[in-house]
2 protein chains.
Amino acid sequence: MQILCLDLEGVLVPELWMEISKATGVDEIGLTTRDIPNYDELMKLRRAAMDRHVIGYRQIKDVLASVVPFDGADDFLNWARSQFQVAILSDTFYEFAMPLMRKLSYPFLLCHHLVIEQDRIVGYRRRQTDPKTKVVQALRSLELTVYASGDSYNDVGMLQSANSGFFFNPPSHVVEDYPDIPVVWNFDELQSNLQRVART
Amino acid sequence: MQILCLDLEGVLVPELWMEISKATGVDEIGLTTRDIPNYDELMKLRRAAMDRHVIGYRQIKDVLASVVPFDGADDFLNWARSQFQVAILSDTFYEFAMPLMRKLSYPFLLCHHLVIEQDRIVGYRRRQTDPKTKVVQALRSLELTVYASGDSYNDVGMLQSANSGFFFNPPSHVVEDYPDIPVVWNFDELQSNLQRVART
């Protein structure tokens, strides 16, 4: 009855807004909550930039179609799915992530939806606040043991609510802010740590 | 944010105890809760039969290695995973199901564990009572829309707690006992009904 909750971007695949920013050459699209802590503000900026540069959803889809999972992600995920039930918990959008999910044989993914009207991204629907933490809590309420790994601030609640949680290759300021959360730097280290905690 | 909860045996794959019974020729192993309503009693009978006929876990594993998903199950599941996040909710055991899960590219599965000692099945650990219903309730508490399909009595709670639930190719007595639950008879019908309810 062991579940592994994994963050998506920064763990299995690159940051998708960053890929869109690089491909379109529009810097504002690549800003993150590190630059603009308020997520609504950040999305407004990104949307304004997309409007100004006439970047529609179809163009973004084309960019994302060429994004591939990190080296080793598929192998790690195949191993993980043979040992745990894997749920990917992400703050990205299904409209961005599904082509990548196909490349990873459709793991179970909980994230958010964009609102798209006539090729324009006009908004988004976040499922609930602090969604990753709430999923881990719901899974644990079902008598499931939950392990988790993610790389950033929006993973902290998930990592802290899990039976065991590991930062995966996090930026140094994240480690400094949460020194009590153990850190792994690559898939091999994550695998050996999961084997260790799942045995105990 | 749409989840599809699917029963396993009778929907995607054959009844596994029945396959073990057929392969070993031991009828008691193939008894079901229809014959012995009390699950603990049923498992005691099966275990006594396995002991009497010296049927160990390794032999059962060999039998189950040759079981394949129903015709069309893989195609249906691939379609479903491109449209929904699929969770398989089953009252089988991981020790029985995982080889079949590999054949289906490891969908997310919640079920139970057997306790095996030196090749003998000595018991089992059910995660909680009424597990399928509780999973649906937990998913809905996360603001997720849940569709569900299954073939028998242990699916009724899941079908009734879901936003929409469908019996899949059920025995006639199940339909008679729950006339209010809509019925589909094959993957095509399930797919068209899911498309219909997911649009609304």
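Predicted model, so just to flag it, every value in this text is computed and none were measured.

Calculation criteria
- Residues numbered from 1 in each chain as written.
- Chains lettered and ligands numbered in written order.
- Predicted model: local features only at pLDDT ≥ 70, side-chain atom pairs only at ≥ 80, totals over all residues.
- Heavy atoms only, no water.
- pLDDT = per-residue confidence, 0-100.
- 1 Å grid on protein atoms, 1.4 Å probe; cavity = no way out; pocket = protein on both sides within 12 Å on 5 of 7 lines; lining within 4 Å.
- Points joined across faces, edges and corners; volume = space filled by probe spheres on them.
- Helix = DSSP H or I, 4+ residues; strand = E, 2+ residues; numbered from the N terminus.
- Nonpolar A, V, L, I, M, F, W, Y, C, P; charged D, E, K, R; others polar.
- Pairing = 2+ DSSP bridges.
- Contact = heavy atoms within 4.5 Å.
- Axes fitted to C-alpha atoms, helices over the stretch in contact; angles between N-to-C directions.
- Buried < 20%, exposed > 50% of the residue type's maximum accessible area, 1.4 Å probe, protein only.

Q: Provide a residue-level description of the confidence of the model for chain A, including the pertinent values.
A: Predicted coordinates in regions of low pLDDT should not be interpreted in detail. Per-residue confidence for chain A gives a mean pLDDT of 95; residues scoring 70 or more make up 100%. The complex model carries a pTM of 0.95, and its ipTM stands at 0.93.

Q: Just give me the short version of empty space enclosed by the protein, but keep the residues and values in it.
A: The tally for this structure, following the rule as stated, stands at five cavities of 30 Å³ or more. Here the largest cavity defines a volume of roughly 120 Å³. Along the wall of the largest cavity there are 14 residues; nearest its centre are Phe108, Val135 and Leu139 of chain A together with Phe108 and Leu139 of chain B. Contributions of two or more residues to the lining of the largest cavity are made by β3 (108-117) and α6 (131-141) of chain A together with β3 (108-117) and α6 (131-141) of chain B. Looking at side-chain class alone, the lining of the largest cavity contains 14 nonpolar, no polar and no charged residues. Computed from the structure, the second largest cavity encloses a volume of approximately 60 Å³. Tyr106, Pro107 and Phe108 of chain A together with Arg81, Phe84, Gln85, Val86, Pro107 and Phe108 of chain B together form the lining of the second largest cavity.

Q: With reference to specific residues and values, describe the sheet that holds strand β6 (residues 164-168) of chain A.
A: Residues and elements named next belong to chain A. As summarised here, the arrangement of the seven strands in space is β4-β3-β2-β1-β5-β6-β7, forming an open sheet in which the pairing is mixed. Every interior strand has two partners, whereas the edge strands, β4 (120-125) and β7 (183-184), have only one. The sheet contact formed by β3 and β4 spans five bridges and is antiparallel. Following the sheet pairing, leucine 114 is matched in β4 by tyrosine 124. Here helix α9 (residues 187-199) sits on the sheet in contact with β1 (2-6), β5 (145-150), β6 and β7, set at roughly 175° to β6.

Q: Residue-level account of the environment of alanine 73 of chain A, with values.
A: Residues and elements named next belong to chain A. Take alanine 73: it is sitting in helix α4 (residues 73-83). Given the relative accessible area of 0%, alanine 73 is considered buried. As for alanine 73 and methionine 50, which are separated by 23 residues in sequence, their C-alpha atoms are 30 Å apart.

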